[in-house]
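Single-letter residue listing:
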Amino acid sequence: MSKAVYNILIILVGMGKENGDYSKKSVIKLGIYLTFVFFITVVFEYFWRQFTGLI
């Protein structure tokens, strides 16, 4: 898994009053951005490994 997926999990674990006190709105907002970054990283890695001959 990439770092973005772990960041989303950390935010979800911290949601609620008794945990990290993140609201649902902030979790969704950050999750969308982190998911977008995750997919960009996966695409970049694929083409980078194609370019370097690792795939």
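Being a predicted model, the structure only gives us computed values, none of them experimental.

S.K.: With reference to specific residues and values, describe the overall build of the chain.
M.R.: If you tally the helices and strands in the chain, you get two helices and zero strands. Of the accessible surface of the chain, which amounts to about 4800 Å², a share of 71% is contributed by carbon and sulfur atoms.

S.K.: Now, about the packing of aromatic side chains: what can you tell me, with residues and values included?
M.R.: Counted under the stated rule, the structure contains four aromatic pairs. A ring pair is formed by Phe 38 and Phe 39, whose centres lie 5.2 Å apart and whose planes are at 65°; its orientation type is edge-to-face. Look at Phe 44 and Trp 48: their rings are 6.3 Å apart centre to centre, the planes differ by 15°, and that puts the pair in the stacked class. Of the two residues, Phe 44 and Trp 48 are both situated in helix H2 (residues 24–52); the distance of four residues between them amounts to about one turn of the helix. An aromatic cluster is present here, built from Phe 44, Trp 48 and Phe 51 joined pairwise through their rings.

S.K.: Tell me what's going on with a nonpolar patch on the surface, and back it up with residues and numbers.
M.R.: A surface patch of nonpolar side chains, amounting to about 430 Å² of accessible area, comprises Val 43, Tyr 46, Phe 47 and Ile 55. The class of Phe 47 is exposed, set by a relative accessible area of 53%.

The rules behind the values
- Residues numbered from 1 in each chain as written.
- Predicted model: local features only at pLDDT ≥ 70, side-chain atom pairs only at ≥ 80, totals over all residues.
- Heavy atoms only, no water.
- Helix = DSSP H or I, 4+ residues; strand = E, 2+ residues; numbered from the N terminus.
- Areas by Shrake-Rupley, 256 points an atom, 1.4 Å probe, with all protein chains shown as cover.
- Phe/Tyr/Trp six-rings, centres within 6.5 Å; stacked < 30°, edge-to-face > 60°.
- Patch = residues over 30% accessible without salt bridge, like charges linked within 9 Å, V, L, I, M, F, W, Y side chains within 5 Å.
- Salt bridge = Lys/Arg side-chain N within 4 Å of Asp/Glu carboxyl O.
- Buried < 20%, exposed > 50% of the residue type's maximum accessible area, 1.4 Å probe, protein only.

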